[in-house]
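Structural characterization, general
Here's the letter readout for the chains.
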Amino acid sequence: MNAQSATARADRPQPAHVGDHLREWRQRRHLSQLDLAGDAEISARHLSFVETGRAAPSRDMVLKLAERLNVPLRERNVLLVAAGFAPAFPQRSLDDPALKSARQAIDLVLKAHEPNPALAYDRHWNLVSANRMVMPLLEGIPTRLLGQPFNILRLAFHPEALAGRIVNLAEWAGHLLERLHRQCEVTADPELIRLYHELKAYPIPARSGPLPADNNVAIPFKLRLGGDVLSFMSTTMIFGTPVDITLSELALETFFPADDLTAERMRAMAPR
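A brief report on the enclosed structure follows. This one's a predicted model, so the numbers in the text were calculated from it and none came from an experiment. Think of each chain on its own: its residues are numbered from 1, step by step along the sequence as written. In keeping with the predicted nature of the model, local features appear solely for residues at pLDDT of at least 70, side-chain atom pairs appear and are counted solely at 80 or more, and the whole-chain, interface and lining totals rest on all residues. To get the side-chain values, all heavy atoms of the structure are used, and hydrogens and water are removed first.

**Observations regarding the overall build of the chain**
In this description a helix means any DSSP run of H or I spanning at least four residues, a strand means any run of E spanning at least two, and both kinds are numbered starting from the N terminus. The helix and strand inventory of the chain stands at twelve helices and five strands. By principal-axis analysis of the C-alpha atoms, the chain measures approximately 70 × 45 × 35 Å. Calculation of accessible area relied on Shrake-Rupley with a 1.4 Å probe; when residues are assessed, cover is drawn exclusively from the protein chains displayed. Carbon and sulfur atoms form 54% of the exposed surface of the chain, whose accessible area is close to 14000 Å².

What follows is the structure in C-alpha cells.
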C-alpha cells in the first residue's frame, strides 16, 4: 500500500460491519482469505462468511484474527465494538496510577541516558517527555515552533527549525519519511497519513547518490551546533506485550554519540 492508496482508504466512509473491517485489514496486509484462514486455523469458507456478514464471529475469533493481522490495539477495540462486544483494551493517561510503573520506567531510561539526548513520543510523533539534553540542541529555534503539540517530525522538517541545521538533511529526512510511511501502512491512521503528505511538501533536497562511506553502519543524525557538527546514532524502543493503548503507541528514541567530538560536547553541555 503506497501513501496515495493509504490516503484513499483513510478518506473512505468507515465500514460499519465487523466483516468489512476485517476485510480491509486483510487487504492492507496483502493476504488472501486462504492465507489468513490458514494462519488463524479456521476454514476459508468460515472467514468468507464472517467478512460478508453471513456468520457472526465470537469475541475470541475477532481477537484472534486481529492478532494474526497485526491490528493495533486501538483498532482492535473498533473491531470488537463493530462485532457487538465491549472494548478489551483500556486507554489511560500516563498519569494514571495504573501506568505508574511504566512512567517510572520511561523516566528512568531518559534520565539514565544523560548526558546524551533521549525523548519519548506518542503515535503521532508528539513529544511526551524528554531528558535535559534535548532542549540545548534546540536553542535558537523560534518559540512558536516549540509550542504544543510539539511534533518531533515537523520540527525536523521545518526550515526555521532543525532542517536548516541538519548537515545530512536529505539522508536523515529520507530515513524519517520511510519510517513514517511504514507506520502509515501498519496503522492506516488518517492523521499519520496527513502528516506524511505534509512533510513531503517541505523543501527537502533529494538524495544525490549513494550514502557516504561513514554511513556504512547506520544513517547518523548530523546536527550543526555552534561551530561544530554533532553526529548521533539513534535507537528506538517500545514496550513489549502492552495491553494498554497509550503504552502500545509510545516510543522512546535515544541518541548515542557517533564520534568522540560529539561525546565530548555532550559531556560539556550536561547540567551540573
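**A closer look at the packing of aromatic side chains**
Side-chain rings of Phe, Tyr and Trp, where Trp is taken by its six-membered ring, are said to pair if the distance between their centres is within 6.5 Å; with planes under 30 degrees apart they count as stacked, over 60 as edge-to-face, and otherwise as tilted. Inspection of the entire model under this criterion finds five aromatic pairs. For the ring pair Tyr121 and Trp125, a centre distance of 4.6 Å and an interplane angle of 10° mean the geometry is stacked. With respect to class, Tyr121 is no different from Trp125; both count as buried. Ring geometry for Phe232 and Phe255: centres 6.3 Å apart, planes at 80°, overall edge-to-face. Taken as a pair, Phe232 in strand 4 (residues 228–238) and Phe255 in strand 5 (residues 251–257) lie far apart in primary sequence, 23 residues in all. Taken individually, Phe232 and Phe255 each receive the classification buried, so the pair is uniform in this respect. Every member of this aromatic cluster is reached through a ring pair, and the members are Trp172, Phe221, Phe232 and Phe255. Put simply, a charge is over a ring when the Lys NZ or the Arg CZ is close to the ring centre, within 6 Å, and near the line of the ring normal, within 35 degrees. One residue, Arg28, lies across the ring of Trp25, its end atom 4.3 Å from the ring centre. Above the plane of the ring of Phe49 lies Arg54, whose end atom (NZ or CZ) is 4.0 Å from the centre. Using a 1.4 Å probe on the protein chains alone, a residue whose accessible area is under 20% of its type maximum counts as buried, one over 50% counts as exposed, and one in between counts as partly exposed.

**Regarding the pattern of salt bridges**
Salt bridge, as applied in this entry: a Lys or Arg side-chain nitrogen positioned within 4 Å of an Asp or Glu carboxyl oxygen. Following the criterion strictly, the structure yields 16 salt bridges and no others. Between Glu114 and Lys111 there is a salt bridge whose closest N-O contact spans 3.4 Å. Lys111 gets classed as partly exposed once you look at its relative accessible area, which sits at 47%. Members of the salt-bridge network, linked through shared partners, are Arg74, Arg123, Asp189 and Glu249.

**A few points about the sheet that holds strand 2 (residues 127–130)**
Two strands pair if DSSP finds at least two bridges between them. With respect to topology, five strands assemble into an open sheet ordered 2-1-5-4-3, the strand pairing being antiparallel. Across the chains shown, the open sheet's two edge strands, defined by having one partner strand only, are strand 2 and strand 3 (221–225). Neighbour-to-neighbour, the strand axes of this sheet turn through a mean angle of 30°, independent of strand direction. Note: strand 1 (residues 118–121) against strand 5, four bridges, orientation antiparallel. Across the sheet, residue Ala120 finds its bridge partner in strand 5, namely Leu252. The strands touched by helix 7 (residues 100–112) within the sheet are strand 1, strand 2, strand 4 and strand 5, with strand 2 carrying the most contacts at an inclination of about 55°. Axis definition: a line fitted to C-alpha atoms, over the contacting stretch in the case of helices. Angles run 0 to 180 degrees between N-to-C directions. Contacts are residue-level and defined by heavy atoms, with any inter-residue pair within 4.5 Å sufficient.

**Some points on the environment of Ala120**
Within the secondary structure, Ala120 is located in strand 1. Using a relative accessible area of 0% as the deciding quantity, one classes Ala120 as buried. Along the primary structure Ala120 and Asn131 are separated by eleven residues, whereas in three dimensions their C-alpha atoms are 9.1 Å apart.

**Considering helix 12 (residues 260–269)**
Taken together, the buried positions of helix 12 are Thr262, Ala263 and Met266. Taken down its axis, helix 12 places every buried residue within 100° of arc, on the same side. For helix 12, the exposed residues lying more than 90 degrees away from the buried face are Asp260 and Ala268. Buried residues along helix 12 sit in contact with strand 4 and strand 5. Between a side-chain oxygen at the N-terminus of helix 12 and the backbone nitrogen of Leu261 the separation is 3.4 Å; the capping residue is Asp259. What the arc covers is the set of directions going from the helix axis to the C-beta atoms. N or O atoms closer than or at 3.5 Å make up a polar contact, with two conditions inside protein: a donor-capable atom paired with an acceptor-capable one, and, for residues adjacent in sequence, both atoms drawn from side chains.

**Regarding the side chain of Arg26**
Mapped onto the secondary structure, Arg26 falls in helix 2 (residues 18–28). Excluding residues that lie within four positions of it along the chain, Arg26 makes contacts with Leu31, Ser32, Gln33, Leu36, Glu51 and Leu69.

**Quick word on the environment of Pro142**
As for its placement among the helices and strands, Pro142 is situated in the loop between strand 2 and helix 8 (152–157). In sequence terms Pro142 and His46 are 96 residues apart; their C-alpha atoms lie 58 Å from each other.

**Brief notes about the side chain of Glu114**
Along the chain, Glu114 falls in the loop between helix 7 and strand 1. Setting aside residues up to four positions removed in sequence, Glu114 forms contacts with Asn131, Arg132 and Met133.

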